[in-house]
Amino acid sequence: MSKSHDLFIAAQKHIPGGVNSPVRAFRGVGGDPVFFKAAKGAYLIDADDKQYIDYVGSWGPAILGHAHPEVIEAVQKKAVDGLSFGAPTEIETTMADKVCELIPSMDMVRMVSSGTEATMTAIRLARGYTGRDKIVKFEGCYHGHSDSLLVKAGSGMLTLGEPSSPGVPAALAELTITLTHNDAEQVKQVFAEIGSEVACIIVEPVAGNMNCIPPEAGFLETLREVCDQYGTVLIFDEVMCGFRVGLQGAQGRFNVIPDITTFGKVIGGGMPVGAFGGKRAIMERIAPLGPIYQAGTLSGNPIAMAAGLKTLELIQADGFFENLEARTKQLVDGLQAAADKHGIAFTTNQVGGMFGFFFNTEKNISRFVQVAKGDMEQFKAFYHGMLQEGIYLAPSAYEAGFVSSKHTSADIEATIAAADRVMAKL
Ligand code: PMP
């Protein structure tokens, strides 16, 4: 038996399901999760010393590859000065300035410790600012695990087949209106009825928690229009796609400007970081300037800021996103060619350094209903075949994949060759 198996058994004694976040338990693909002990560049090393080419990248943060020497150095240098002060430090201002410089819609930003905190606060802020209680989200989008947002959510909730969670008070869930993602007409109809009661629309502008789903033409523009018309706050949840589909995130790529944006993942460079920010008039309502409350013992933690700031600096290099996108395209094109060769119904999506693949008879997948029609058995067989081959993919058909700047052309070719061998046996 593998060390991972032994470690998983041991973990289950005192950790629910043996994991600190559900998708890690491999319920989406079956079998034991792999336990890792190290990661470097594009590679992961498991507890049995087997090496994998990694396409999870810690679910997005590892855009520079794992343990990038400059990020590690920034963290080490900062750590010797103390781990946390619970008081202002200069690097928080440097980080805020950098985020506002890079993201056109950001006048002000506040740092938190996770994506969940960022989105939870963003909707509180929208509710406080508008004086309205209802919020609109989309089926299959995941915005972290705060109560109002765990309604028809994506990611692990889809993987486990329970898109709404017990423990969320019905009185709160009733205020979350869930619409069909990418259906602009439905948004218009619903807003014609109740638009003036809706505090915010929250959306993943590139969805990555029901596999990878780009916005249909006009969808984001429609959200902007209805929000303007009804005085509703538009929140782009760019926790996943921010600093991933381009330096200016999805808003820069699709040229639609939200009122509030949330970040996580890349902005922390692998450390626990989230952020929310946007228009000055809205952000000035947050305490201590305004009455809407939010706080955090470790918010703006100096070590986390050091990792995030160095990461944001390095992704500003000339050609960074062009190269990332080209590598990712090489991957999805190669996977598609392998599937075509073996006569497998298969299709892919890609936005920048984010991708998805589907064992599905449909092409051009842009709706949740299409994703749900995928062949899960084929996905699982492919998943385990690839794992054997030393390719680590997201252990769920409802998650996006990520390429890093450390993935070489040779890594991608090796991945495609592995897929070819695995698909030959499907
Ligand atoms: N929003 C989106 C779009 C996400 O993908 C995630 C996490 N995958 C979150 C929010 C929640 O972030 P965290 O896990 O850091 O709380």
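Just so it is clear, the structure is predicted and the values come from calculations on it, not from any experiment. (Residues numbered from 1 in each chain as written. Predicted model: local features only at pLDDT ≥ 70, side-chain atom pairs only at ≥ 80, totals over all residues.)

S.K.: Tell me about the overall build of the protein chain, residues and numbers included.
M.R.: When helices and strands are counted, the protein chain shows 15 helices and 14 strands. A compact globule built from 426 residues should have a C-alpha radius of gyration of about 22 Å, and the protein chain, at 21 Å, falls within 12% of that. In terms of principal-axis extent, the alpha carbons of the protein chain reach across some 60 × 55 × 50 Å. By sequence separation, contacts in the protein chain at least 24 residues apart represent 73% of the contacts at least 6 residues apart. (Helix = DSSP H or I, 4+ residues; strand = E, 2+ residues; numbered from the N terminus. Rg over C-alpha atoms; globule rule 2.2 N^0.38 Å. Contact = placed C-beta atoms within 7 Å.)

S.K.: Can you explain the UniProt feature "modified residue: N6-(pyridoxal phosphate)lysine" (unreviewed entry) in the protein chain? Please cite residues and give values.
M.R.: The UniProt feature table records "modified residue: N6-(pyridoxal phosphate)lysine" (unreviewed entry) at Lys265. For Lys265, the location among the structural elements is in the loop between strand 9 (260-263) and strand 10 (274-278). For Lys265, a count of 29 C-beta atoms within 10 Å gives the class buried. Leave out the neighbours within four places in its chain, and Lys265 touches Trp59, Gly60, Pro61, Gly115, Val239 and Met240. (UniProt positions renumbered as here; feature names shortened; annotations may be inferred. Buried ≥ 20, exposed ≤ 12 C-beta atoms within 10 Å, placed from the backbone.)

S.K.: I'd love a proper account of the nonpolar core, names of residues and values included.
M.R.: Buried together is how nonpolar side chains tend to be arranged in soluble globular proteins. One finds Ala126, Cys200, Val233, Ile235 and Ala275 to be the most contacted residues of the largest nonpolar core, which totals 121 residues. Each of domain 1 (3-63 + 318-424) and domain 2 (69-314) accounts for three or more of the residues forming this core. (Core = buried A, V, L, I, M, F, W, Y, C linked by C-beta atoms within 7 Å. Domains from an automatic or database assignment.)

S.K.: Which residues make up the environment of Gly353, and what values go with them?
M.R.: Tracing the chain through its elements places Gly353 in the loop between strand 11 (347-351) and strand 12 (354-358). Gly353 gets classed as buried once you count the C-beta atoms within 10 Å, which come to 29. For the pair formed by Gly353 and Ser404, sequence separation is 51 residues and the distance between their alpha carbons is 7.4 Å. Contacts of Gly353, omitting those with residues within four sequence positions, involve Ile63, Arg244, Val245, Leu324, Glu325, Thr328, Phe402 and Val403.

S.K.: I'd like a rundown of the site of the ligand, residues and numbers included.
M.R.: Neighbouring residues of the ligand: 17 residues in total, closest Ser114, Gly115, Thr116, Gly144 and Val239. In terms of residue count, helix 4 (residues 115-130) provides more of the shell around the ligand than any other element does, three residues in total. Taken together, the residues of the shell around the ligand break down into four nonpolar, eleven polar and two charged. (Near = placed C-beta within 6 Å. Nonpolar A, V, L, I, M, F, W, Y, C, P; charged D, E, K, R; others polar.)

S.K.: Give me the packing of helix 14 (residues 376-388) against helix 15 (residues 409-424): which residues, what numbers.
M.R.: Where helix 14 meets helix 15, the closest approach of the two axes is 9 Å, and the angle between their N-to-C directions is 130 degrees. As judged from the angle between their axes, helix 14 and helix 15 are oblique. The hand of the helix 14/helix 15 crossing is right-handed. Where helix 14 abuts helix 15, its residues Phe382, Gly385 and Met386 lie against Ala418, Ala419 and Val422. Each residue belonging to the contact of helix 14 with helix 15 can be placed in one class, and the counts come to five nonpolar, one polar and no charged. (Axes fitted to C-alpha atoms, helices over the stretch in contact; angles between N-to-C directions. Parallel < 35°, antiparallel > 145°, perpendicular 65-115°, else oblique. Left-handed = near helix turned anticlockwise from the far one by under 90°.)

S.K.: Could you give an account of the sheet that holds strand 1 (residues 36-40), with specific residues and numbers?
M.R.: Strands pair in a sheet through their backbones, by hydrogen bonds, and they do so in one of two ways: parallel or antiparallel. Across the sheet, four strands lie side by side as 1-2-3-13; this open sheet has mixed pairing. Each having just a single partner strand, strand 1 and strand 13 (391-392) make up the two edges of the open sheet. As defined by bridge partners, strand 3 (residues 51-54) adjoins strand 13 across two bridges and the pair is classed as parallel. What sits directly across from Asp54, in strand 13, is Tyr392. (Pairing = 2+ DSSP bridges.)

S.K.: Report on the sheet that holds strand 11, specifying residues and quantitative values.
M.R.: The strand order across the open sheet built from three strands is 11-12-14, with neighbouring strands paired in antiparallel fashion. The sheet is open, and its two edges are formed by strand 11 and strand 14 (401-402), each paired on a single side. Pairing between strand 11 and strand 12: five bridges, direction antiparallel. Bridged to Thr347 within strand 12 is Phe358. In this fold helix 12 (residues 320-341) packs onto strand 11 and strand 12, with an angle of close to 175 degrees to the strand it touches most, strand 11.

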